[in-house]
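What follows is the residue order along each chain.
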Amino acid sequence: MYENMEMRQIFCESIDRLMQEDERIIVIDADLARGNGTLSLREKYPQRAFDVGVAEQNMAALAAGMAAYGCVPFILSFTPFATRRICDQIAISIAYAKRNVKIIGSDPGITAELNGGTHMSVEDIGVLRSIPGIVIFEPVDGIQLAKALPQIIAYDGPVYIRLFRKIAPAIFNDSYKFNIFKADMLKEGKDISIFASGIMVDESIKAADILQSEGINAEILNIHTIKPLDIEAIIKSARKTGCVVTCENHNVIGGLGSAVAELLIQEFPVPLKTIGIQDHFGEVGSINYLKKKYKMTAEDIVKVAKDVLSNKI
Amino acid sequence: MDSIEVGFLEEKSNYIRGLIVKEIGNLGVGHIGGCLSVVEALVALYYKHMNINPDNPQMAGRDRFIMSKGHAGPALYAVLADKGYFPLSELDSLNQPETNLPSHCDMLRTKGIDMTAGSLGQGISCAVGMAKASKIWKDDAYIYCIIGDGESQEGQVWEAAMAAAHFKLNNLIVFTDYNKLQIDGTVEEIMGLAPLDKKWEAFGWNVIEVQDGHSITQISDAIIKAKRSRNRPTMLILNTIKGKGVSFVEALGAKSHNSPFSKEQMHSALEELNLGGM
Ligand SMILES: Cc1ncc(C[n+]2csc(CCOP(=O)(O)OP(=O)(O)O)c2C)c(N)n1
Ligand SMILES: [Mg+2]
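Residues numbered from 1 in each chain as written. Chains lettered and ligands numbered in written order. Predicted model: local features only at pLDDT ≥ 70, side-chain atom pairs only at ≥ 80, totals over all residues. Heavy atoms only, no water.

Describing the confidence of the model for chain B
Residues and elements named next belong to chain B. In this model, chain B carries an average pLDDT of 98, and 100% of its residues clear a pLDDT of 70 or more. In the model of chain B, strand β7 (residues 259–260) stands out as the element of lowest mean pLDDT, 96, in contrast to strand β4 (residues 172–178), which has the highest, 99. Among the prediction metrics, the complex's ipTM stands at 0.97, with pTM recorded as 0.97. (pLDDT = per-residue confidence, 0-100. Helix = DSSP H or I, 4+ residues; strand = E, 2+ residues; numbered from the N terminus.)

Examining the interface of chain B and chain A
Chain B puts 31 residues into the contact, and the matching count from chain A is 23 residues. In total, chain B and chain A occlude about 2,100 Å² of area from one another, counting both sides; carbon and sulfur atoms represent 47% of this. Of all residues in chain B, the largest losses of buried area upon contact with chain A belong to B:E154, B:I183 and B:D184, amounting jointly to 27% of the total for that side. Counting the contacts that link chain B with chain A gives 3 salt bridges. Put simply, B:D184 and A:R42 hold a salt bridge, and the shortest N to O gap is 3.8 Å. Across the side of chain B that touches chain A, the residue classes break down as 10 nonpolar, 15 polar and 6 charged. (Contact = heavy atoms within 4.5 Å. Buried area = accessible area lost by both parts, 1.4 Å probe. Salt bridge = Lys/Arg side-chain N within 4 Å of Asp/Glu carboxyl O. Nonpolar A, V, L, I, M, F, W, Y, C, P; charged D, E, K, R; others polar.)

Some remarks on the sheet that holds strand β2 (residues 64–67) of chain B
Residue and element names in this part refer to chain B. One open sheet accounts for 5 strands, arranged β2-β3-β4-β6-β5; its pairing is parallel. Each edge of the open sheet carries a strand with a single partner, namely β2 and β5 (206–210). The mean inter-strand angle of the sheet, taken between neighbouring strand axes irrespective of direction, is 20°. With 6 bridges joining them, strand β3 (residues 143–148) and β4 adopt parallel strand pairing. (Pairing = 2+ DSSP bridges. Axes fitted to C-alpha atoms, helices over the stretch in contact; angles between N-to-C directions.)

Description of the coordination of the magnesium ion (ligand 2)
Residues and elements named next belong to chain B. The protein atoms that coordinate the magnesium ion (ligand 2) are D149 (OD), N179 (OD1) and L181 (O), at distances of 2.0 to 2.1 Å. In terms of primary sequence, the donors binding the magnesium ion (ligand 2) are separated according to D-x29-N-x1-L. Here the residue D149 occupies a position in the loop between β3 and α6 (155–166), and N179 occupies one in the loop between β4 and α7 (187–191), the gap between them amounting to 30 residues. On the basis of relative accessibility, which here comes to 7%, the residue N179 falls in the buried class. (Donors = N, O, S within 2.8 Å, 3.2 Å for Na, K, Ca; no water. Buried < 20%, exposed > 50% of the residue type's maximum accessible area, 1.4 Å probe, protein only.)

Rendered as structure tokens:
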């Protein structure tokens, strides 16, 4: 249904439909509406879709004010400017005050490509995850994004959406049932658990195929919601397979890998390794180039998976 | 400035435009509009007013330049290459893997870049910090900085403005590239800035409005005046045109911000600049 559609188009179409039904929804941009695909909403909703200019801090707290007035504002920028640039406004005006603001950060991690290091957020999940009370969601494909939006609106509280803007390979079909607090079982297996998010889900599926051909049966969970984690699903899978690899497009410090490790070390310790950006800043390059350079390809996952398997008790 | 020098700097500006067009044309996409609007300001600074030494990029007491609108890196790279900080051929590596010339200015990668930028609003604060440090070291340096008009919507710009006036940093000379455009539309429709001169005046700055921000003479005269400021930082408001010099880029308006730029467009732009063989 969303084949060949960019994630930003899917967001725009879906939010347009939801805005028709729900007058509380507001869409606010900080001079990146053209890039985020939301510019067209302004004709239809001249009051409810608008720009605040290049002023992200103001955008965040202004949205909190509107939320205090009963609105459900979505605020958008590139990932670094929607998170680290405004983390105090998010912490105080949005999270501490428990305001119903939805934050969209586009081009996370290496998907910032040619915008390079300044625009390549390796820390956004870490920053927001350590602020109490924010749901952190990274949609893996268009169907998931479209199905998530109504639940995100229905959820009364801050939600951060880590949004890849371009065309994401389809993982789900129309029959997919989404629950924001439940991880997706993409493939059952018994030898090793791969917990992945965002653009790393596709790599994980490829890795699992390679592993399968070598007789290793990997289980894959799409951890679309990094906070709160689906504790039950993660522990259940770790119990079953006895070892874990996490795969994320984020610093291995503070992101999915950290979150899973923090959980398992306390609840069910198993050998675990984290794939992702190994605690350095980003740089210009295509997604594929950077995946290779940062050892985030399917082949890298296979290598690390075998390493973890060899440590299994 | 005599007419020979003016002619030289005008020709230099045209040549720098050509280099920018080639950098971005080779890559196929880039921040073409906002690069072309700062050319004359950069040429006036780097070929006339700044105390710098390309053979010794870290020279003590040198003047500094901060491209706060960090996406105009390719314009600055063209100037730095022509000045000899690195070979002209390196311009072809713009935004290629492992490049020293990324989209946004990076002081750790590129010789001659005095400060990293790319997250709008921060560069001008860095410039204020440098001007303050220069006062403490008493090295008589001037600190130059270019900010965008869209960038000026960042609250941080006005925090920096307040600090610079408070510290009486007359060694700080900032340009606003007042091209009246940002990404989502015109500055006035997105988040109005006018009256920009009055805002800076109210913040305690010495404000000089340069009617034609593409006139080497007007920019140069304004810099000379700015250097004479006794105890206030100076804001030079440059009335510019986004995409200046390449008519089809100018015609794109706000869409010229970060635009695809084909080889054919590159060639026709070079033709228009009378740099056909470049
Ligand atoms: C903090 C921050 N927010 C957003 C961006 C994305 N961005 C890059 S350039 C730009 C528009 C800038 O407009 P202006 O300053 O007028 O630049 P110019 O017209 O000179 O190119 C935006 C929003 C950014 N780089 N940094
Ligand atoms: Mg502008």
